[in-house]
Each structure stands twice: as C-alpha cells, then as structure tokens.
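One-letter residues, chain by chain:
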Amino acid sequence: MTLDEWFEMFGRFAFYYPVLMSFFWMVGALYYYVRRERGQPNFRHPPVLAKTPPVSILVPCHNEGETVDETMAALALQQYPLYEVIAINDGSTDDTAARLDALLDCYPWLRVIHLDRNLGKANALRVGALASRNEYFVCIDGDALLDPYAVSWMILHLTSGPRVGAVTGNPRIRNRSTLLGRLQVGEFSSIIGMIKRAQRTYGRLFTVSGVICAFRRTALHRVGYWADDMVTEDIDISWRLQRDHWDIRYEPNALCYILMPETLKGLWKQRLRWAQGGVEVLLRHTTGMLHWNARRMWGVVLEFMFSVVWAYVVSAMILLWLVGMVIPLPEPFHISPLIPRWNGFALGLLCLLQFAVSHWIDRRYEPGVWRNFFWMIWYPLAYWMINMTTMVFAFPKAALRRKGARAIWESPDRGYR
Amino acid sequence: MNDLNQPFDALFIHQPRLQSKAGRNAYRLLTLLAWSAYLYLWLPIATLTMWWLSTRLGYSELQHYPGFIDVDLFLLLLKALGIASLLLLTWAEYNRIRFQGHDRRTHLLATTPESTAAAMGVDLVLAGNLQLARQITVVTDPQAVPIALRGGDKRQRNLHPSDAQRSTGSLNTPALETLDS
C-alpha cells in the first residue's frame, strides 16, 4: 500500500469507527430496552423475590469523612430484609474512622473494619469479603447513595441462576452545578448506559461499575478475588469472571447516586486512571483471550483494542491538521478539512439520534434529564474526546507501570457541594 | 422494613453559584461555541434545503456542483447500519433461543467463608474472629494479608435478623461469642 492509501484507510477508520460503534450501541440498547425494560414496573417496584438470602454490603472508604454519614443514612433505607453493612476504613487520614465508629451506635447492621494503612480498594474489598459470612456481596463506594431498592434488584439476578457471577447497577450523577457535572450526567445516561445495554445484548460486558455492583462469593473465589495491583480492579474482576464463564448482568433499575469530579484536573485524573486500568487489563489478559474457550470475550477485547488504535489515529490527524494550519505540509500529511463536508453532517445527525434514543430509553430513571438539553452538545464530544486524549497518555503509562505495584487510593474530586 | 421518609441531603446537587461567575460564564460561552461548531456540521443539508426551497436555484446549483450530495456516503452508512443491526440482533436472538431457560453450567457448592480465608492465606481463627467483630482494626503484612486483629468492640456483635437465624443453629454456623480486646 502506498502512503496515500494508508492515510486514506486511517481517515476512513477515524470516521467509521465511532459511527459503527454508535450504530451498535443504539441498536443494542433498543433491543435491550424492548426485551427487558419496556412495560416493566418502575424501579421502585422490584418483583417480589422468591429468595432473600442475607447480603453483605461492602463499603470501602478512604477519606470519606464528608460523605460517609449520607452513605450510611441511604443504606438505612434499603428495602431488603436481611443485610449487614461492612464499612472498611482503608487508612483514611481524615475523620472517616471516627465518623464510622460514631455511626455504630446509630445502625445495628453496621460493622466497621479499620485497616492499618492505605492498602487500596481491592484489598479493602478482600478484607470485607473475608469478614462476611454471606454468599452475596453488594459493593458500593463510600460516597455513593444507594437507592432503597437497589439491593433487591441485584439479588434478583444473583438468585436467578447459578451462572450469574456479578451484577452491575446504574450510577446516576448527583452533582450537576457546573458544565463538567452536567456533561457527565448526560454522558452516563446517554452513552454509558447505552453501552452497557448494548454489551448485554452482545452477551459480555467490558466492566461492572465499581461504584455499584454485586457479586457471588463462589464466583469471586474461583477467580481469586480482587487483584490489588490493577488500578481499576472492577475491569479486571469483570474480565476474569467472564473468562471463567460467569454471567455478568446489567440492572438499570439498581440505581446509585454518585459524586463525580467537577474540575478539569479531577476529571482528567479520574478518566486517565480508567483508561490506564483498561489498558492494564488488556495487556494482562490478551494472551489468555486467544484461546477458543474465551471466544465470547473477543468482541469486547477487539472493541477495546480498536478504541486504543482509534485514539492514536485521531490524535495524529488532529496534530497534523493543527500543524498544517501553520506550516505547509506535503500530501498526504496535509489534513484539510478535519471533518469532510457530508461526513460532518452525518456525525451531527448521528449525535442527535444517539441523544434522542438514549433519552427515550433512560427517561424512566430520571424524567427530567431532558433539562440538560443545552449541554447535550458535549455528551458525545466529551465522551470521544476525553477517551481519546486519556488513552493516548494512558497506554504508555500502563505499559511502563511497575508490575505488581499495589494500586492505592487517591482522594477524589467530589465536585462542588 | 425501613422508613422511606428518613431524610438526608438532597439527592441531586444543583448549586451553580458554588462556581465563580466568571467560570460559569466561560463555560456557557464555550457551550455556545460548541453548538456553533455542531450547527456548522449541518451546513451541507441546510444549503441543500435552501436550494430546494428555491427550485430553479436548486436545479442550477446542482448542475454546477454535480458531486455536491455525497450519495455514496449515505448509502454506505445505511448499509453499515443494516449490517450492524443484522449482526447484533441475530447474535442476540440466537443466544436467547439457545440459552433461555437452560442452564448448562454445573451447579457449584457455595464457597464457605473458611475457603475464602484459606484462599487469602489468612489464619482460620483470625478470620473467624474478624467475622464476629463489629468494630476491629486489621493488621496486615507487606503483602496486605491480615495477620492480627487489634482493638475491637467488647460488646457482643449486634444481631442482624440473619444472625438471629444463625444463632439458633438453623444455618449451621459457629455460635457467637464475645470478642476480647
């Protein structure tokens, strides 16, 4: 192939990859909605459970002093008959420990475990699993507010059959005071929710949402519990469970209200960690995925690989376009226009269509989400641009990270409050 | 069951005034610019629409720009949508028909908490005490394996309904005991 042909191919890939993925997401999400959500009761009316086994809600906490009272108050409202809450204070340096100890007198179902130092979320979850005598765990973040019916919705799946190893819920963004907050509201409902539905239609998920998920102990035991050397233990455990042929379900009715960064620095750090985690998991599991018995994960693996390649291709194109505006570049390095005429219109139309589809599906969980319409322009742009930029930096970071180094907490940006 | 009316802070935090006025205005302006860029993407169809509305102009302009409408692109996109839909929905329906109502996985015995402790390399007695504790500090080794417990609530662990069931022996678990500090 000539250089011109390579550039032509990369240009087509840069355009068609997000277009094709959008098609998959919309079609998959609509199928999921028609098959599993349409006509179903509201999220506040879960079906009556045939079995209500005891559940341990694991809440790893690191410097959650500002939020832990709210989190426990929300857990007190759980509409599930048999549960305990195990809060694991993971080496907090603020008043998390004192607050948790004080809450022991308020909530008889609460147990508090203090770790002697910051060991990271994975180790906190491992100790939580060790401290529990139950088969089922629900894991939430220390600053998350669990909807009163979330546990019921998730246990419904775990008790529906022995193949179900994990369930992921539906995080909703609480803080929406700024552009970055509102951007993520739309991103989570319009894009991430759509992706999860489409992946369930395909049959495999890229990851559970670490902020709200549930597990079967037996499944975790078979895959060795959470790995403490992965910066995103949720992606890693999801891939390991699915490689061991456990089913991971998505339950959009299991709601959880979370705080997300509302500063550029905070958002960048978080998304960089997510991208880095994804690459680490890819690098660790790629060899294992080559076996025929892992074939059902190939779609997930390939999609992620393409997303990494796409990030670098588009970054290179944008860089050449910018340079070309200042310095004359020879063909085919001269990129102009960045988005050709009708391709741009197609992207614009697709963006609108995606928002319409996602809003239509998601409105039952947040009826007023259309109020963010003015900010809607950012959703696909932010998703693709953030993913692209963080991936460019995350790949070398993941590849060069010292193997076996423990992933420990850093206090997150929780937005304006 | 618990009381749903127990209050806590607002679920959704909408406090734009926490951000500076300059910041809010900057982001509004940025969003307006983003909308402008988005509307720019619609220029081709807007141009075409305006030409069509003025039929004679539309006819003469399309004569001048025979390749104006990129029909191939839209045909390709429609084909891509068709193929994506066909592949995904066929796969989904195949799996639904093949696996619905059938569970091919062997039923596994539920893992015991003791197995968890063994898998994590934790002493069984320590694990047992940890499971009974309501408030405790866990000391770990450099590999983050729990090796000792410290402190702890001297009160007997509060009984959750599931624990009440266990203490009568109905779930075959060790009896509860008071934890010594």
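Residue numbering note: each chain is counted from 1, following its sequence as written. Each chain gets a letter, beginning with A, and each ligand a number, beginning with 1, in the order they are written. In keeping with the model being predicted, local features are shown solely for residues with a pLDDT of at least 70 and side-chain atom pairs are shown and tallied solely at 80 or more, while totals for entire chains, interfaces and linings include all residues. The basis for the side-chain values is all heavy atoms of the structure; hydrogens and waters are excluded.

Before going further, it helps to examine the overall build of chain A. From N to C terminus, chain A includes 12 helices and 8 strands. Radius of gyration here is computed from C-alpha atoms only, and the compact-globule reference equals 2.2 Å multiplied by the residue count raised to the power 0.38. Its C-alpha radius of gyration of 22 Å places chain A within 12% of the 22 Å reference for a compact globule of 417 residues. For chain A, the spread of C-alpha atoms along the three principal axes comes to 70 × 50 × 50 Å. Total accessible area on chain A is roughly 15100 Å²; 64% of this is exposed by carbon and sulfur atoms. For chain A, the separation between the mean place of its 45 positive charges and that of its 36 negative charges on side chains is 6 Å. To qualify as a helix, a DSSP run of H or I must reach at least 4 residues; to qualify as a strand, a run of E must reach at least 2; elements of each kind are numbered from the N terminus. Reported accessibility uses the Shrake-Rupley method at a 1.4 Å probe radius. Residues are deemed covered only where the shown protein chains occlude them. For the purpose of counting charges, residues Lys and Arg are taken to be positive, whereas Asp and Glu are taken to be negative. His and the chain ends are not included. Here the site of a charge means atom NZ of a Lys, CZ of an Arg, CG of an Asp or CD of a Glu.

Before going further, it helps to spend a moment on the side chain of histidine 62 of chain A. Position of histidine 62 of chain A among the secondary structure elements: in the loop between strand S1 (55-61) and helix H2 (68-75). Between N or O atoms, a polar contact is any pair within 3.5 Å; within protein, one atom must be a potential hydrogen donor and the other a potential acceptor, and residues adjacent in sequence are included only when both atoms are from side chains. At 2.9 Å, the side chain of histidine 62 of chain A and the backbone oxygen of aspartate 90 of chain A are in polar contact.

A few words now on the pattern of salt bridges. What counts as a salt bridge is simple: a side-chain nitrogen of Lys or Arg found within 4 Å of a carboxyl oxygen of Asp or Glu. If you walk through the whole model with that rule in mind, you get 23 salt bridges over all chains. With its nearest N and O atoms 3.0 Å apart, the salt bridge here joins arginine 200 of chain A to aspartate 247 of chain A. One end of the pair, arginine 200 of chain A, is in helix H6 (residues 179-202); the other, aspartate 247 of chain A, is in strand S8 (residues 247-258), and 47 residues separate them in sequence. Comparing arginine 200 of chain A with aspartate 247 of chain A, the two get one shared label, buried. For glutamate 93 of chain B, the salt bridge goes to arginine 96 of chain B, with nearest N and O atoms at 3.0 Å. With a gap of 3 residues between them, glutamate 93 of chain B and arginine 96 of chain B both fall in helix H4 (residues 71-99), about one helical turn apart. Per-residue accessibility, obtained with a 1.4 Å probe over protein chains only, is compared with the maximum for each type, and a residue is labelled buried under 20%, exposed over 50%, and partly exposed between these values. Assessed through its relative accessible area of 23%, glutamate 93 of chain B is described here as partly exposed. The exposure class of arginine 96 of chain B is partly exposed, given its relative accessible area of 26%. Through salt bridges with shared partners, one network takes in Glu37, Arg172, Arg197 and Asp362 of chain A.

Bringing the sheet that holds strand S3 (residues 110-115) of chain A into the picture now. Strand pairing is defined by DSSP finding a minimum of two bridges between the two strands. Reading across from one edge, S5(A)-S8(A)-S6(A)-S7(A)-S4(A)-S1(A)-S2(A)-S3(A)-S1(B)-S2(B) is the order of the 10 strands in this open sheet, with mixed pairing throughout. Bordering the open sheet on either side are strand S5 (145-146) of chain A together with strand S2 (146-150) of chain B, each of which pairs with just one other strand. We call two residues in contact whenever any of their non-hydrogen atoms come within 4.5 Å of each other. An axis is simply a line fitted to the C-alpha atoms; with a helix, the fit covers only the stretch in contact. Between two such axes, the angle follows the N-to-C directions and lies from 0 to 180 degrees. Here H6 of chain A sits on the sheet in contact with strand S6 (164-173) and S8 of chain A, set at roughly 165 degrees to S8 of chain A. Across the sheet, helix H6 (residues 124-132) of chain B is in contact with S3 of chain A together with strand S1 (135-140) and S2 of chain B; its angle to S2 of chain B comes to roughly 45 degrees.

Turning next to the environment of alanine 294 of chain A. Residues and elements named next belong to chain A. The residue alanine 294 is located in the loop between helix H9 (264-289) and helix H10 (298-326) in this model. Exposure remark for alanine 294: the relative accessible area of 5% places this residue in the buried category. Non-local contacts of alanine 294, meaning those with residues more than four positions away in its chain, are made with Gly288 and Met289.

Across the boundary between the two partners, chain A contributes 99 residues, which contact 94 residues of chain B. Summed over both partners, the accessible area lost on bringing two parts together, with a 1.4 Å probe, is the buried area. When chain A packs against chain B, close to 8600 Å² is buried across both sides, 65% of that on carbon and sulfur atoms. Of all residues in chain A, Leu130, Arg133 and Trp342 of chain A give up the largest surface area on contact with chain B, accounting jointly for 11% of the area buried on that side. On inspection of chain A and its partner chain B, the count reaches 2 salt bridges. With its nearest N and O atoms 3.1 Å apart, the salt bridge here joins glutamate 93 of chain B to arginine 35 of chain A. Our count for the contact surface shared by chain A and chain B stands at 26 residue pairs in polar contact (both at pLDDT 80 or more).

Residues and elements named next belong to chain A. Grouped together as the largest cluster of nonpolar side chains are 55 residues, with contacts concentrated most on Trp25 and Trp239. In terms of residue count, the dominant contributor to this core is helix H1 (residues 3-37) (11 residues). With residues near it in sequence (within four places) discarded, tryptophan 239 still touches Phe206, Val281, Leu282, His285, Met289, Met297, Val300 and Val301. By nonpolar core we mean a set of buried residues, namely Ala, Val, Leu, Ile, Met, Phe, Trp, Tyr and Cys, connected to one another through side-chain atoms within 4.5 Å. Leu103, Ile173, Phe188 and Ile192 belong to the second largest nonpolar core, which has 53 residues in total.

Further remarks concern the confidence of the model for chain B. Detailed reading of predicted coordinates is not advised where the pLDDT is low. Residues and elements named next belong to chain B. Each residue carries a pLDDT score, the predictor's confidence in it, ranging from 0 to 100. Chain-level statistics for chain B give a pLDDT mean of 73 and a share of 67% at 70 or above. When pLDDT is averaged over each element of chain B, S1 comes out on top at 96 and helix H7 (residues 161-167) at the bottom at 42. Across residues 1-8, confidence stays below pLDDT 50; counting only partners more than four residues off in sequence or on other chains, it has 20 contacts. The low-confidence segment residues 158-181 (pLDDT under 50) makes 40 contacts with residues lying over four places distant or belonging to another chain. The ipTM value of the predicted complex is 0.88, and its pTM value is 0.86.

Mapped onto the elements of the fold, isoleucine 113 of chain A is located in strand S3. Judged by relative accessible area, which is 2%, isoleucine 113 of chain A ranks as buried. Taking the C-alpha atoms as reference points, isoleucine 113 of chain A and isoleucine 88 of chain A, separated by 25 residues in sequence, lie 4.8 Å from one another. Residues contacting isoleucine 113 of chain A, with those up to four places away along its chain left out, are Ile86, Ala87, Ile88, Asn89, Val127 and Ala131 of chain A together with Leu130, Ile136 and Val138 of chain B.

Bringing unusual backbone geometry into the picture now. Most peptide bonds take the trans form, and the phi angle of most residues other than glycine is negative. Residues and elements named next belong to chain A. Residues other than glycine seldom take positive phi values, yet histidine 245 does so here, at roughly 70 degrees. In this fold, histidine 245 is placed in the loop between helix H8 (233-243) and S8. A relative accessible area of 33% places histidine 245 in the partly exposed class.

Close contact between helix H4 (residues 121-131) of chain A and H6 of chain B brings their axes to 8 Å; oriented N to C, the two are set at 85 degrees. Considering their axes alone, H4 of chain A and H6 of chain B lie roughly perpendicular with respect to each other. Here Val127, Leu130 and Ala131 of chain A of H4 of chain A come into contact with H6 of chain B, specifically with Ala127, Leu130 and Gln131 of chain B. Gly counts as polar in this scheme, as do all residues outside two lists: the nonpolar Ala, Val, Leu, Ile, Met, Phe, Trp, Tyr, Cys and Pro, and the charged Asp, Glu, Lys and Arg. For the contact of H4 of chain A with H6 of chain B, the residue count by class is 5 nonpolar, 1 polar and no charged. Any angle between 65 and 115 degrees counts as roughly perpendicular, while under 35 counts as roughly parallel, over 145 as roughly antiparallel, and the rest as oblique.

When we look at a pair of aromatic rings, we describe it by the centre distance and by the angle of the planes. Residues and elements named next belong to chain A. Put simply, two rings from Phe, Tyr or Trp (the six-membered ring, in Trp's case) pair if the centres are within 6.5 Å, and we call them stacked under 30 degrees between planes, edge-to-face over 60, tilted for the rest. Counted by the stated rule, this structure contains 18 aromatic pairs over all chains. Relative to tyrosine 16, the ring of phenylalanine 15 has its centre 4.8 Å away and its plane inclined at 75 degrees; by these criteria the two rings are edge-to-face. When the ring of tyrosine 312 is compared with that of phenylalanine 395, the centres are 6.4 Å apart and the planes differ by 90 degrees; the resulting orientation is edge-to-face. A residue pair is termed long-range when its members are at least 10 positions apart, and tyrosine 312 in helix H10 and phenylalanine 395 in helix H12 (residues 378-400) qualify at 83 residues. Three or more aromatic residues joined by ring pairs form one cluster here, namely Phe13, Tyr17, Phe306 and Trp310.

Let us now look at H10 of chain A. Spanning 29 residues, H10 of chain A covers 42 Å between terminal C-alpha atoms, matching the ideal 42 Å at 1.5 Å per step. Within H10 of chain A the residues assigned to the buried category are Val300, Val301, Phe304, Ser307, Val308, Trp310, Ala311, Val313, Val314, Ser315, Met317 and Gly324 of chain A. Multiplying one less than the number of residues by 1.5 Å gives the expected span of a helix.

It is worth spelling out the environment of isoleucine 258 of chain A at this point. Residues and elements named next belong to chain A. Position of isoleucine 258 relative to the elements: it lies in strand S8. The exposure class of isoleucine 258 is buried, given its relative accessible area of 5%. Along the chain, isoleucine 258 and isoleucine 248 lie 10 residues apart, while their C-alpha atoms are 22 Å from each other. Residues contacting isoleucine 258, with those up to four places away along its chain left out, are Ala144, Pro171, Arg172, Ile173, Arg174, Asn175, Phe188 and Val211.

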